[in-house]
Amino acid sequence: MTKVNAIVRYDNQRIEINAIDDMVVHTKRIVSIYNKYGDKHANSLEFYSDNSSIKTIEARIYDSAGNEIRKIKKNDFTDNSAVSGGTLYSDSRIKYYDYTPISYPYTIEFISEVRHNTTAFVPQWRPVTGYFLGIEHAEYKIENHSGIPLKIKKENIDNNQVVEVSENHFTDKFMVNSMILDGNDVESLPKSEGLEFKNSSVTFTYLVQQNGNYLQLKAQLDIENPLILPEDYKAFKAFYSRIVEKQAEQIVLTKV
């Protein structure tokens, strides 16, 4: 199969525009990292300045079995200038967490909320940020409560698996097609499976099949309600652990 260094399990960016001087950016991202080359895709960081403030920033680290091994609070993030020392008049700063893994793979969940007092620059959406990066579910949504007309520029939408839910709401899902090289045959494939959590508030679909000389893999995570109540944490942990286990199953090829 095509190798990846990391897979974005879930990436949700919701921009809430309340007035010309009031914009809140909500971010939730879950990324599984498979090796040292995938560490850069964790993206556990936020920028801020005199025109913006970080209201919430936190992260959680999970091992390969889905067990939480570390919780990172706001005070655990490093705070630095976001520009070089030669720039004297910029107020841009960054909060980031640089995690040193004990072993691979691991999964990092990142949550942030940043408030801006200007709408001059609405965050852009780039679901794929590098090579050897898989995307399982990425979502971008603008909620415009201000009545201000928005100007949106869209590029590379038609050539990718991006679904335009509405004018300001987009999703992207993960699919891999890999050619079986001559001299190889498929001995076994993981079983396709659908998982459901709490009346389909969260569902996961995993499909893998052989089509001639190609292997086709599709993984899709749909979250209808992102709010997980405390009493459901244990059940959701088991549900998420099953997702991790499913995607760790191997495709076995044999020489012929």
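Residues numbered from 1 in each chain as written. Predicted model: local features only at pLDDT ≥ 70, side-chain atom pairs only at ≥ 80, totals over all residues. Heavy atoms only, no water.

Before going further, it helps to spend a moment on the overall build of the chain. Within the chain, the secondary structure is distributed over one helix and 17 strands. Residue pairs at least 24 apart in sequence account for 67% of intrachain contacts in the chain once pairs closer than 6 positions are excluded. A total accessible area of about 15300 Å² is found for the chain, and carbon and sulfur atoms account for 48% of it. (Helix = DSSP H or I, 4+ residues; strand = E, 2+ residues; numbered from the N terminus. Contact = heavy atoms within 4.5 Å. Areas by Shrake-Rupley, 256 points an atom, 1.4 Å probe, with all protein chains shown as cover.)

Right, let's get into the environment of Arg-14. Mapped onto the secondary structure, Arg-14 falls in strand β1 (residues 6-19). Considered as a pair, Arg-14 and His-26 are 12 residues apart in the sequence and their alpha carbons are 5.1 Å apart. Residues within four places of Arg-14 in sequence aside, it is in contact with Val-24, Val-25, His-26, Lys-141 and Glu-143. Within the local environment of Arg-14, its side chain forms a polar contact with the side chain of Glu-143, the two groups lying 3.2 Å apart. (Polar contact = N/O pair within 3.5 Å; in protein donor to acceptor, adjacent residues only side chain to side chain.)

A few words on the pattern of salt bridges. Counting across every chain of the model gives 14 salt bridges. Put simply, Glu-143 and Arg-14 hold a salt bridge, and the shortest N to O gap is 3.2 Å. Within this pair, whereas Glu-143 is found in strand β10 (residues 137-144), its partner Arg-14 is found in strand β1, the two being separated by 129 residues in sequence. The salt bridge involving Asp-232 is made with Lys-198; its shortest N-O contact spans 2.6 Å. Here Asp-232 is found in the loop between β16 (214-223) and α1 (233-248), whereas its partner Lys-198 is found in the loop between β14 (193-197) and β15 (202-211), with 34 residues between them in sequence. (Salt bridge = Lys/Arg side-chain N within 4 Å of Asp/Glu carboxyl O.)

Spatial strand order, β3-β7-β6: three strands in an open sheet with antiparallel pairing. The open sheet has two free edges, formed respectively by β3 (45-48) and β6 (78-81), since each of these has just one partner strand. Ignoring strand direction, the axes of neighbouring strands in this sheet form an average angle of 20°. Alignment of β3 against strand β7 (residues 93-96), held across four bridges, turns out to be antiparallel. For Leu-45, the partnering residue across the bridge sits in β7 and is Tyr-96. (Pairing = 2+ DSSP bridges. Axes fitted to C-alpha atoms, helices over the stretch in contact; angles between N-to-C directions.)

So, on to the packing of aromatic side chains. For any pair of aromatic rings, the description rests on two quantities: the centre-to-centre distance and the angle between the ring planes. Following the criterion strictly, the structure yields 10 aromatic pairs and no others. Relative to Tyr-240, the ring of Tyr-62 has its centre 6.3 Å away and its plane inclined at 50°; by these criteria the two rings are tilted. Of the two residues, Tyr-62 sits in strand β4 (residues 52-62) while Tyr-240 sits in helix α1, which places them 178 residues apart along the sequence. Taken as a pair, Tyr-62 and Tyr-240 share a single burial class, namely buried. (Phe/Tyr/Trp six-rings, centres within 6.5 Å; stacked < 30°, edge-to-face > 60°. Buried < 20%, exposed > 50% of the residue type's maximum accessible area, 1.4 Å probe, protein only.)

Time to look at the nonpolar core. Counting residues in hydrophobic clusters, the biggest one holds 29 residues, and the most contacted among them are Ile-15, Val-31, Ala-59, Ile-61, Ile-72, Phe-77 and Ile-108. Listed by contribution, the elements that provide at least two residues to this core are β1, β2 (22-33), β4, β8 (106-116), β9 (133-135) and β10. Ignoring any residue separated from it by four or fewer positions in sequence, one finds Phe-77 in contact with Ser-44, Ile-57, Glu-58, Ala-59, Ile-72, Lys-95, Tyr-96, Tyr-97 and Phe-110. Within the second largest apolar cluster, 16 residues are counted, among which are Val-202, Tyr-240, Ile-243 and Val-244. (Core = buried A, V, L, I, M, F, W, Y, C linked by side-chain atoms within 4.5 Å.)

A few words now on the pairing of β8. Working note: regular strand, side chains alternate between the two faces of the sheet. The pairing of β2 with β8 spans 11 bridges and is antiparallel. Its bridge partner being in β8, His-26 is matched across the sheet by Glu-113. Relative to β8, β4 runs antiparallel, the two sharing 10 bridges. Counted as the bridge partner of Thr-56 is Glu-113 from β8.

What follows covers the pairing of β4. Sheet topology note: the β4/strand β5 (residues 68-72) ladder contains four bridges and is antiparallel. Each bridged residue has a counterpart across the sheet, and for Tyr-62 the counterpart in β5 is Glu-68. The antiparallel pairing of β4 with β5 creates a hairpin that spans five residues between the two strands, and Gly-66 there sits at a positive phi of about 90°.

Mapping Glu-46 onto the fold places it in strand β3. Buried Glu-46, no salt bridge; nearest opposite-charge side chain is Arg-29, N-O distance 6.1 Å. A distance of 2.6 Å separates the side chain of Glu-46 from the side chain of Ser-112, its partner in a polar contact. For Glu-46, the residues in contact, after removing those within four places along its chain, are Thr-27, Ile-54, Ile-57, Arg-93, Ile-94, Lys-95, Phe-110, Ser-112 and Val-114. (Lys, Arg positive; Asp, Glu negative; His and termini not counted.)

When the terminal C-alpha atoms of α1 are compared, their 22 Å separation across 16 residues agrees well with the 22 Å that a helix rising 1.5 Å per residue should span. Regarding α1, the residues found buried are Phe-239, Tyr-240, Ser-241, Ile-243, Val-244, Lys-246 and Gln-247. Looking at the packing, one finds that the buried side of α1 touches β1, β2, β8, β14, β15 and β16. (Expected span 1.5 Å × (residues − 1).)

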